[in-house]
Amino acid sequence: MADNLPEVWLRGPLPAVPPLLQPVAHALLQACEEVAALMADFPAGRLAARPLGLASVGFHLRHLTGVLDRTFTYARGEALSKSQLAYLAAEGLSPTHAAVPELVQAFYQQVDKALAQLENTAEATLPEWRGVGRAQLPSTVIGLLVHAAEHTTRHVGQLLVTAKMVQADNN
């Protein structure tokens, strides 16, 4: 937690975010704080390490950014762009040039975009149908936004475990 503050959800509502979307915003902001603390001293040379065959720290950092971008795109009722599809295809590749701060900053920027979208999402649109992927699997605006939050927190947890294992192997 940042400076011994309570978790983000216990700090009160975010004034610009609609009430029903507060948990999504809180989860994303909590993820930012946890990623910041975890990645502060992480060695860039270990981004591709895969202890026990787990997904790498580099993968999780890229995936956190990409999945937010994709789920929030679907929530707007849009299809993925060519650049989003290319990013998805590259998420699993070993990092070649990105340093830890760049990957973390990309995640923060995506969270900022997500928060702006939450602020501009009318609660009346939350039950609206949205198609996911090429198959247009059924979801709703609220389903996509909540999934984005829970998927983000799941990967932050996986990132935490993998980063701790990688750092323990480094000692």
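Since this is a predicted model, take the numbers as computed values, not measurements.

K.L.:
Just to check I follow, could you spell out the overall build of the chain for this structure?
P.N.:
On a plain count of helices and strands, the chain comes out with five helices and two strands. Overall, the chain shows an N-to-C arrangement of helices and strands of α-α-α-α-β-β-α. A compact globule built from 171 residues would reach a C-alpha radius of gyration of about 16 Å, and the chain, at 16 Å, matches this within 12%. Taken along its principal axes, the extent of the C-alpha atoms in the chain is 50 × 40 × 25 Å. Counting every position in the chain, which comprises 171 residues, the buried fraction comes to 41%. Put simply, of all contacts in the chain between residues at least 6 apart along the chain, 71% involve residues at least 24 apart. For the chain, the exposed surface amounts to about 9100 Å²; the carbon and sulfur share of it is 60%.

K.L.:
Sorry, what's going on with the side chain of H151 here?
P.N.:
Locating H151 in the fold gives a position in helix α5 (residues 141–170). Those residues in contact with H151 that lie beyond four places of it in its chain are H63 and V67.

K.L.:
It is not clear to me how a nonpolar patch on the surface should be interpreted in this structure. Could you clarify?
P.N.:
Residues L52, L54, L160 and V161 make up a contiguous nonpolar surface patch of about 380 Å² in total accessible area. Mapped onto the elements of the fold, V161 is located in helix α5.

K.L.:
Is there a simple way to explain the nonpolar core in this structure?
P.N.:
Buried together is how nonpolar side chains tend to be arranged in soluble globular proteins. Ranked by size, the top nonpolar core spans 40 residues in total, and within it V35, M39, L61, F72, L118 and L145 carry the most contacts. Residue assignment for this core shows that the elements contributing at least two residues are α1 (22–39), α2 (57–75), α4 (100–119) and α5. Every residue in contact with F72, bar those within four places of it in the chain, is listed here: V24, L28, A114, Q117, L118, L145 and A148.

K.L.:
Just checking my understanding: could you explain the pattern of salt bridges for this structure?
P.N.:
As a working rule, side chains carrying opposite charge can pair if their charged atoms are close by. Evaluated as defined, the whole model comprises five salt bridges. With its nearest N and O atoms 3.2 Å apart, the salt bridge here joins R76 to E78. Taking relative accessible area as the criterion, E78 reaches 39% and is therefore assigned partly exposed. Here R130 makes a salt bridge to E128, at a shortest N to O gap of 3.2 Å. The buried category is assigned to R130, whose relative accessible area is 15%.

Definitions and limits used
- Residues numbered from 1 in each chain as written.
- Predicted model: local features only at pLDDT ≥ 70, side-chain atom pairs only at ≥ 80, totals over all residues.
- Heavy atoms only, no water.
- Helix = DSSP H or I, 4+ residues; strand = E, 2+ residues; numbered from the N terminus.
- Rg over C-alpha atoms; globule rule 2.2 N^0.38 Å.
- Buried < 20%, exposed > 50% of the residue type's maximum accessible area, 1.4 Å probe, protein only.
- Contact = heavy atoms within 4.5 Å.
- Areas by Shrake-Rupley, 256 points an atom, 1.4 Å probe, with all protein chains shown as cover.
- Patch = residues over 30% accessible without salt bridge, like charges linked within 9 Å, V, L, I, M, F, W, Y side chains within 5 Å.
- Salt bridge = Lys/Arg side-chain N within 4 Å of Asp/Glu carboxyl O.
- Core = buried A, V, L, I, M, F, W, Y, C linked by side-chain atoms within 4.5 Å.

Worth remembering: the numbers are spatial, not functional.
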